[in-house]
Amino acid sequence: MDLTFDNRVAVVTGAGRGIGRAIAEELAAEGVHVVCVSRNAESCGAAAEALVAKGGKASAEALDVGDAAAVEAAAARIVEAHGKVDILVNNAGITRDGLVMRMKDAEWDDVIRTNLSSCFYWARALAPVMARQRWGRIINISSVIGLRGNAGQANYAAAKAGIFGLTKSLAREFAKRQVTVNAVAPGFIETDMTSGLDEKVTEVILGEIPLRRLGQASDISKIVTFLASAESGYITGQTFTVDGGMVM
Ligand code: NAP
């Protein structure tokens, strides 16, 4: 299917590596101007440069997405530079794993702030801009862990489950202005985030995946690109699980 993107401007957080980078690449290939956001200037700068080198339109913003003031300032700069923002992909995320009985306050707070509060900060800043345009797409990257929980990841599971409630509430608040809001819940995807898993754990995970392979970043970027396109206009408030059949 050919997807329609009319001179769209997108903000993709966590675009420096992994899933976010694949999303940025696919949107840029569709002619979208992609603002690549990551924590380190080098990471988002290199991602934006690579997109431009391939003939795409891109720029970079380095900031901590868990810092409300930094998000607000960046959103204002982006709207000032482009006059609009059409697509927001909240993808930046971290893990700070540990059993609940040993989890430090900072490990809980950092994960909630980076993985959940950041989605709220960006949506609060950019959804009203989209509402004024009467067109917008917000895609929040959650996780299957938010659906099923995981021993050792209470902070991550809580943040990712929180994304579902935020997504549905935003979808209801902004639907009348043609701004759609959806969530994608990836399973185990081969990126830096999962590269630390040892062989035994990977074997156990593979045993739980009916399609018998770990996912690739492109498995996620494909559905995100569809949800960002004009063609997805009748879909809002939904979660799409992309996990090789792990959760069904
Ligand atoms: P990754 O390879 O570790 O990349 C994470 C990206 O997020 C990096 O670009 C990083 O910036 C950015 N980031 C992290 N904290 C940030 C902060 N405070 N401010 C700004 N940027 C920040 O992760 P990934 O595997 O691609 O995961 C992407 C998303 O998918 C995450 O939300 C993750 O929870 C979710 N997910 C992943 C999997 C999986 O199996 N990989 C499964 C389910 C869900 P720098 O490049 O500057 O460090």
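The present account deals with the structure reproduced in this document. (Residues numbered from 1 in each chain as written. Predicted model: local features only at pLDDT ≥ 70, side-chain atom pairs only at ≥ 80, totals over all residues. Heavy atoms only, no water.)

Regarding the overall build of the protein chain
Then, number 1: Within the protein chain, the regular secondary structure consists of eight helices and seven strands.
Then, number 2: On C-alpha atoms alone, the protein chain measures out to a radius of gyration of 17 Å, which is about the 18 Å that the 2.2 N^0.38 rule sets for 248 residues.
Then, number 3: The C-alpha extent of the protein chain, read off along each of the three principal axes, is 50 × 40 × 35 Å.
Then, number 4: The buried share of the protein chain, reckoned over its 248 residues, is 49%.
Then, number 5: Relative to all contacts within the protein chain whose residues are 6 or more apart in sequence, the contacts with residues 24 or more apart total 73%.
Then, number 6: Only carbon and sulfur atoms are counted for the fraction: they give 52% of the accessible area of the protein chain, which is about 11600 Å². (Helix = DSSP H or I, 4+ residues; strand = E, 2+ residues; numbered from the N terminus. Rg over C-alpha atoms; globule rule 2.2 N^0.38 Å. Buried < 20%, exposed > 50% of the residue type's maximum accessible area, 1.4 Å probe, protein only. Contact = heavy atoms within 4.5 Å. Areas by Shrake-Rupley, 256 points an atom, 1.4 Å probe, with all protein chains shown as cover.)

Remarks on the nonpolar core
Then, number 1: Core analysis: the biggest nonpolar cluster contains 39 residues, and V11, V37, L88, W122, L126, M130 and I138 have the highest contact counts within it.
Then, number 2: Only β2 (33-38), α3 (68-82), α4 (105-133), α6 (154-174) and β6 (179-186) provide two or more residues apiece to this core.
Then, number 3: At eleven residues, α4 tops the list of elements feeding residues into this core.
Then, number 4: Apart from residues no more than four positions distant in its own chain, W122 is found in contact with V11, T13, V37, L63, V65, V71, A74, A75, I78, L88, N90 and A127.
Then, number 5: Formed by 31 residues, the second largest nonpolar core is a distinct cluster that contains V12, W135, I139 and A217. (Core = buried A, V, L, I, M, F, W, Y, C linked by side-chain atoms within 4.5 Å.)

Side note on the side chain of H33
Then, number 1: Tracing the backbone through its elements, the reader meets H33 in strand β2.
Then, number 2: A relative accessible area of 14% means that H33 is categorised as buried.
Then, number 3: Ignoring sequence-local partners within four residues, the contact set of H33 consists of R8, V9, A10, K57, A58, S59 and H82.

Some details on the pattern of salt bridges
Then, number 1: This model, assessed by the stated rule, comprises nine salt bridges.
Then, number 2: Residues R21 and E25 are paired through a salt bridge, measuring 3.7 Å at the closest nitrogen-oxygen approach. Of this pair, R21 and E25 both sit in helix α1 (residues 18-29), four residues apart, roughly one helical turn.
Then, number 3: Taking relative accessible area as the criterion, E25 reaches 33% and is therefore assigned partly exposed.
Then, number 4: With a shortest N-O distance of 3.2 Å, R113 and D110 are connected by a salt bridge. Pair noted here: R113 and D110 are both in helix α4, with a separation of three residues, about one helical turn. (Salt bridge = Lys/Arg side-chain N within 4 Å of Asp/Glu carboxyl O.)

Points about the pairing of strand β1 (residues 9-13)
Then, number 1: Across the five residues that make up β1, a large majority, five, are buried.
Then, number 2: Of the two faces of β1, the one holding V9, V11 and T13 and the one holding A10 and V12 are both buried throughout.
Then, number 3: Examined bridge by bridge, β1 and β2 share five bridges and lie parallel to one another. The residue of β2 that forms the bridge with T13 is V37.
Then, number 4: Of the crossover connections in this fold, the one passing from β1 over α1 to the parallel β2 is right-handed. (Pairing = 2+ DSSP bridges. Right-handed = clockwise from strand over helix to strand, strands pointing away.)

Focus: the site of the ligand
Then, number 1: Around the ligand lies a shell of 30 residues, among which R17, S43, N91, Y156 and T191 are the nearest.
Then, number 2: Measuring from an oxygen atom of the ligand, one finds a side-chain N or O atom of S43 at 2.6 Å.
Then, number 3: Contacts to the ligand include N91, whose backbone N or O atom sits 2.7 Å from an oxygen atom.
Then, number 4: About the coverage of the ligand: the protein hides 97% of its 900 Å² of free accessible area.
Then, number 5: Put simply, the parts of the chain that give the shell around the ligand at least two residues each are α1 and α6.
Then, number 6: Taken together, the residues that form the shell around the ligand break down as eleven nonpolar, 14 polar and five charged. (Near = heavy atom within 4 Å. Polar contact = N/O pair within 3.5 Å; in protein donor to acceptor, adjacent residues only side chain to side chain. Nonpolar A, V, L, I, M, F, W, Y, C, P; charged D, E, K, R; others polar.)

Focus: the sheet that holds strand β4 (residues 87-90)
Pairing between the strands of a sheet is mediated by backbone hydrogen bonds and can be parallel or antiparallel.
Then, number 1: Judged by pairing direction, the sheet is parallel, and its seven strands sit side by side in the order β3-β2-β1-β4-β5-β6-β7 without closing on themselves. For this open sheet the edge positions go to β3 (57-62) and β7 (239-242), each flanked by a neighbour on one side alone. Each neighbouring strand pair of the sheet contributes to a mean axis angle of 15°, computed without reference to strand direction.
Then, number 2: Bridging between β6 and β7 involves four bridges; their strand directions are parallel. (Axes fitted to C-alpha atoms, helices over the stretch in contact; angles between N-to-C directions.)

Some details on the packing of aromatic side chains
Then, number 1: Enumeration according to the criterion identifies one aromatic pair in this entry.
Then, number 2: Ring plane angle 50° and centroid distance 5.7 Å describe the contact between F120 and Y121, whose orientation is recorded as tilted.
Then, number 3: Judged by its relative accessible area of 38%, F120 falls in the partly exposed class.
Then, number 4: Take Y121: its relative accessible area is 16%, and that puts it in the buried class.
Then, number 5: For R8, the ring lying beneath its charged end belongs to W135, and the centroid distance is 3.5 Å.
Then, number 6: In this structure, R137 packs its charged tip against the face of W135, placed 4.2 Å from the ring centre. (Phe/Tyr/Trp six-rings, centres within 6.5 Å; stacked < 30°, edge-to-face > 60°. Lys NZ or Arg CZ within 6 Å of the ring centre and 35° of its normal.)

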